[in-house]
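One letter stands for each residue in the lines below.
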There are 2 protein chains.
Amino acid sequence: MDHVLLKELKEKFNLVFHDVDLLEQAFTHSSYVNEHRYLQLSDNERLEFLGDAVLELAVSKFLYRKYPQVPEGKLTKLRAAIVCEESLAKFAKECRFDQSIRLGKGEEHSGGRNRPALLCDLFEAFLGALYLDQGFEAVETFLEKVVFPKILAGAFSHEMDHKTRLQEVLQRSGDVLIDYRLIKEEGPAHERQFWTQVYFNGEKIGEGQGKSKKLAEQAAAANALNQLLD
Amino acid sequence: MDHVLLKELKEKFNLVFHDVDLLEQAFTHSSYVNEHRYLQLSDNERLEFLGDAVLELAVSKFLYRKYPQVPEGKLTKLRAAIVCEESLAKFAKECRFDQSIRLGKGEEHSGGRNRPALLCDLFEAFLGALYLDQGFEAVETFLEKVVFPKILAGAFSHEMDHKTRLQEVLQRSGDVLIDYRLIKEEGPAHERQFWTQVYFNGEKIGEGQGKSKKLAEQAAAANALNQLLD
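These figures come from a predicted structure and were not determined experimentally.

**Here we look at the overall build of chain A**
No. 1: The number of helices and strands found in chain A is 12 helices and three strands.
No. 2: A compact globule built from 230 residues should have a C-alpha radius of gyration of about 17 Å, whereas chain A, at 22 Å, is more than 25% larger.
No. 3: If one aligns the C-alpha atoms of chain A with their principal axes, the spans along those axes are about 70 × 40 × 30 Å.
No. 4: When each of the 230 residues of chain A is scored for burial, the buried share is 50%.

Shown next as structure tokens:
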């Protein structure tokens, strides 16, 4: 087993696998298995099949609980933006999983170690292995470090981020009235600027500026959040 | 709350919800909410969002464990055949959930109670509610009654059923060698017939006939299973 991986999992995520074979399988690409048939290894594809569903539920549950007022259509769009090849490949790289996967020579030479589809599968296979080894809550704990903070920071949806978060924060104290007021727009059509203020139960709590009404509202919500959460 | 539903859930599935509001929400279609705005109800769409992912994981885990030798590609196809609108609508009907959903008048008159998409969403929403109310294992227990037996019976894949099942049954006793031998083919191209025998560690355990080599092998596996499981 790759000792760098074991060390990093322990240090970064406080993770120690009971069944290291499972972890090893998650980091074994089919191209490696094909080039070492005599070793009779298993590749990570079945773990990826399982991990895909584990991730889907973990993200769905997180979104369901975190955004109690957001309708299903928006949740589905947001989930699709999170659980997609591009995002998962990034997560895999951030965890430095790309350094530890075992590839065949052909795959290595053709740049497989940086291929988004391969990295995405690797990330899912790792989650599948973690789920089998330690259960669903361990997967959630891992995602709380790697994925969930990015969702809350609005990395996956310009629409969902600041405005939704602001609504979340404010409605903890019951029904709220939040409104955004466009107070000024200036400049020629191709570089027009908008200024917006956000009001909470009639009181101004933030203001922002942007190239569209939407962006100005986002900026105002971000400004309000910064002041509220300080 | 619909007392017939409560009674049937208890009698058929030994299920009693702690939070009956969740169950009620699962059985409330958006058309009903729209026609009764003064009641300030929630429809079942967010629960469906969650339940969709719960079902996906439960089925994935079941397939992963039940078919340890089946490659990822086939598992993915099988999962897609199970977790699809048509199948889920059937499950909803078998559970008689269609009798208990609250619809708006327009939806009712246009036949919504029999619409597959609506029934599919209802089934997923129910699973979402059950998951929130009683956790993942309760969902698995429910599916063990409603869905999993059909998977094992081969209702979702002609290819997966008999041959895979035979492999499952035989490998309980360790590594096995199963081979299918084409022993005869006859007839003109458009109505050709194939005869196959299946061998287990060199011993003939079944035979079958079909319009293609694949179908003949399936028939042979089914024949072997019948004799083995008698």
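**Here we look at the UniProt feature "domain: RNase III" (unreviewed entry) in chain A**
No. 1: With numbering matched to this structure, UniProt assigns "domain: RNase III" (unreviewed entry) to residues 6–135 of chain A.
No. 2: The span residues 6–135 of chain A shows a helical share of 68% and a strand share of 0%, and its end C-alpha atoms are spaced 19 Å apart.

**Details of the relation of the copies chain B and chain A**
No. 1: Here chain B sits on chain A after a turn of 179 degrees about the axis and a move of 0.5 Å along it, with an RMSD of 0.7 Å. Both copies of the chain, as the preceding transformation shows, are related through a two-fold rotation axis.
No. 2: Counting the interface residues of chain B, we find that 100% of their copies in chain A are interface residues as well, pointing to one common contact surface.

**Description of the packing of aromatic side chains**
No. 1: Enumeration according to the criterion identifies 24 aromatic pairs over all chains in this entry.
No. 2: Ring plane angle 70 degrees and centroid distance 6.4 Å describe the contact between B:Phe27 and B:Phe126, whose orientation is recorded as edge-to-face. In this pair, B:Phe27 sits in the loop between helix H2 (20–26) and helix H3 (30–35) while B:Phe126 sits in helix H8 (residues 116–134), placing the two residues 99 residues apart along the sequence.
No. 3: Through successive ring pairs, a cluster of aromatic residues spans A:Phe13, A:Phe17, A:Phe27, A:Phe91, A:Phe97, A:Phe123, A:Phe126, A:Phe142 and A:Phe156.
No. 4: In this arrangement the basic side chain of A:Arg181 is found over the ring face of A:Tyr199, its NZ or CZ atom lying 3.5 Å from the centre.
No. 5: Residue placement shows B:Lys163 over the ring face of B:Tyr180; its charged tip is 4.7 Å from the ring centre.

Conventions adopted
- Residues numbered from 1 in each chain as written.
- Chains lettered and ligands numbered in written order.
- Predicted model: local features only at pLDDT ≥ 70, side-chain atom pairs only at ≥ 80, totals over all residues.
- Heavy atoms only, no water.
- Helix = DSSP H or I, 4+ residues; strand = E, 2+ residues; numbered from the N terminus.
- Rg over C-alpha atoms; globule rule 2.2 N^0.38 Å.
- Buried < 20%, exposed > 50% of the residue type's maximum accessible area, 1.4 Å probe, protein only.
- UniProt positions renumbered as here; feature names shortened; annotations may be inferred.
- Least-squares fit on C-alpha atoms with pLDDT ≥ 70 in both.
- Contact = heavy atoms within 4.5 Å.
- Phe/Tyr/Trp six-rings, centres within 6.5 Å; stacked < 30°, edge-to-face > 60°.
- Lys NZ or Arg CZ within 6 Å of the ring centre and 35° of its normal.

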